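Descriptive analysis of the structure
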Amino acid sequence: MKQITIEALSDIHIHRYNENAAREAAWGIIQRRPDVLALAGDVSPNIDIYKRFLSFFDGYKGKRIAVPGNHCIWVDTDSGESSLDKIATLQQLYQDYGFTMLDNGPVEHEGVGFVGTMGWYDYSFKRKDAPGEGITVVTEASENEKRWEELTDADYSLKKATIFTPYQIMQTGWMDGERVALKDTENGVVYTDKEFTADLTEILRYHIRQIEPSVRTIVAVTHHVPFERMVRRSGEPDYDYCNAYTGSTQLGKVLLDEAKIRYLISGHTHAPCRFEQWSNRRETPILCHNICFEKDNTSLKLKV
Ligand SMILES: [Fe+2]
């Protein structure tokens, strides 16, 4: 059975200090000629920068696949822009540069299936225990200070909080709260994080079913993380508050349900790691890789 080579990049977060590093990484990939190039999201909110980055791969002849990240769907919410419209823009952009956006459907290459989604968060990875003694939190969802353990999903949905420790007061927040609008501009419906997560997860499940019969193994690519082991609990309350915005257990369940899914490539948490994810219903684990270009300036190399 022919093995194929894959290289993956995630969380490039192009800015003026790392654009050359990204260009060099792309050049390396063009030289090494992997069969598949996967981008796992968070290139830039800026479309012009995005285009420039994708053009770095002009000489690459292999299969190109991608999912966007949360930063990619940032918009000017004050002007009424919609992140769902931005997803449609990105889909076209990827197509223009020869990439398939896996959120729209799976692809097959030499008997290997590729499925993917940006994924989203439903707060299922929130830190439930307090990261220290005597910590209280105020959010706009509740008038009074509450203990960390009493925080509800309504609190997390606002993506802004003031945290009181015995030693200091911290402001924390997740910028998606200001830069993401999950708004369907045609009917005016605004989706909650939980609804969006559930929708994306169901679409992924459908894509897995579609590709499964015709491939020997499946590689999944997600931006947000599906497994708790990819969530870093730092002990810093302002950081750990944002654990809620890392991913979803629902996503992990869908992946574990399909035995042919043997590899996972994720990003988002900037906490690179590799591990085997088992469940008691599986005979083989999913080999999980969390990667972050901004941190290590390198691509993941896989043979499957
Ligand atoms: Fe991200």
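The notes below deal with the structure included here. The residue numbers shown here count from 1 along each chain, following its written sequence. Whole-chain, interface and lining totals are the exception, using all residues; otherwise, since this is a predicted model, local features are given only for residues with pLDDT of at least 70 and side-chain atom pairs are given and counted only at 80 or more.

Examining the sheet that holds strand β7 (residues 136-138)
Heads up, the condition is: At least two bridges found by DSSP between two strands are what make those strands a pair. In DSSP terms, a helix is any run of H or I states spanning at least four residues, a strand is any run of E spanning at least two, and both are numbered starting from the N terminus.
Taking strand neighbours across the sheet as the criterion, the 4 strands line up as β8-β7-β9-β10 in an open arrangement whose pairing is antiparallel. Two strands in the sheet have a free side with no partner beyond their single neighbour: β8 (146-147) and β10 (169-173).

Observations concerning the nonpolar core
So the rule is basically this: Buried Ala, Val, Leu, Ile, Met, Phe, Trp, Tyr and Cys residues whose C-beta atoms connect them within 7 Å together make up a nonpolar core. Backbone-placed C-beta atoms define the burial measure: a residue is buried with 20 or more other C-beta atoms within 10 Å of its own, exposed with 12 or fewer, and partly exposed in between. Here, residues touch in the contact sense if the C-beta positions derived from the backbone fall within 7 Å of one another.
By size, the foremost hydrophobic cluster in this structure holds 77 residues, and its most contacted members are Ala38, Ala66, Val221 and Ile265. Setting aside anything within four residues of it in sequence, one finds Ile265 in contact with Ala8, Ala38, Ala40, Val219, Val221, His289, Ile291 and Leu300.

Describing the environment of Tyr121
Relative to the elements of secondary structure, Tyr121 occurs in the loop between β6 (112-117) and β7. In this structure Tyr121 comes out as buried when scored by C-beta crowding, with 26 C-beta atoms within 10 Å. Ignoring sequence-local partners within four residues, the contact set of Tyr121 consists of Asp193, Thr197, His224, Ala244, Tyr245, Thr246, Gly247 and Ser248.

Topic: helix α6 (residues 193-211)
Given 3.6 residues per helical turn, the α-helix brings residues three or four places apart onto the same face. We apply this condition: Multiplying 1.5 Å by the residue count of a helix minus one yields the expected span of that helix. This arc is built from the directions going out from the helix axis to the C-beta atoms.
With 19 residues, α6 should reach 27 Å at 1.5 Å per residue; the first-to-last C-alpha distance of 27 Å fits that figure. Along α6, the positions that sit buried rather than exposed are Asp193, Phe196, Thr197, Leu200, Thr201, Leu204, His207 and Ile208. Across the axial projection of α6, the buried residues extend over an arc of 130 degrees, all falling on one side. Of the residues in α6, the exposed ones pointing more than 90 degrees away from the buried face are Glu202 and Arg209. Against β6, α4 (153-157), β11 (217-222) and α8 (249-256) lie the buried residues of α6.

Things to note about the pairing of strand β2 (residues 36-39)
Rules: Whether a crossover is right-handed comes down to one check: with the strands pointing away from the viewer, does the path from the first strand over the helix to the second run clockwise; if it does, it is right-handed.
Alternating residues of β2 divide into Val36 and Ala38 and Leu37 and Leu39, and every residue in both groups is buried. Pairing of strand β1 (residues 5-9) with β2 involves 4 bridges; the strand directions are parallel. In the sheet register, Glu7 faces β2, and the bridge partner there is Leu37. In this fold, β1 hands off to helix α1 (residues 19-32), which returns the chain to β2; that crossover is right-handed. The sheet contact formed by β2 and strand β3 (residues 63-66) spans 4 bridges and is parallel. Its bridge partner lying in β3, Val36 is registered against Lys63.

What about the packing of α6 against α8?
Helix-helix packing is described using two parameters, namely the angle between the two axes and the distance between the axes. Cut-off, in case you're wondering: Helix axes are fitted only over the stretch in contact, all axes being lines through C-alpha atoms; the angle between N-to-C directions runs from 0 to 180 degrees. In these notes the angle categories are as follows: under 35 degrees is roughly parallel, over 145 is roughly antiparallel, 65 to 115 is roughly perpendicular, and the rest is oblique. Side-chain classes follow a simple rule in which Ala, Val, Leu, Ile, Met, Phe, Trp, Tyr, Cys and Pro form the nonpolar group, Asp, Glu, Lys and Arg form the charged group, and the remainder, Gly included, forms the polar group.
Where α6 meets α8, the axes come as close as 9 Å, and the angle between the chain directions of the two elements is 10 degrees. Taken together, the axes of α6 and α8 lie roughly parallel to each other. Here Thr197, Ala198, Thr201, Leu204, Arg205 and Ile208 of α6 lie close against α8, whose contacting residues are Gln250, Leu251 and Val254. Within the contact of α6 with α8, the residues separate by chemical class into 5 nonpolar, 3 polar and 1 charged.

Quick word on helix α3 (residues 83-96)
Along its 14 residues, α3 runs 20 Å from first to last C-alpha, staying within 8% of the 20 Å computed at 1.5 Å per residue. Here α3 has its buried residues at Ser83, Leu84, Lys86, Leu90, Leu93 and Tyr94. End-on view of α3: buried residues confined to an arc of 160 degrees, all on one side of the axis. Seen from the open side of α3, the exposed residues pointing more than 90 degrees away from its buried face are Ala88, Gln92, Gln95 and Asp96. Next to the buried residues of α3 lie α2 (47-55), β3 and β4 (100-101). One or two positions beyond α3, positive phi appears at Gly98, with a value near 80 degrees.

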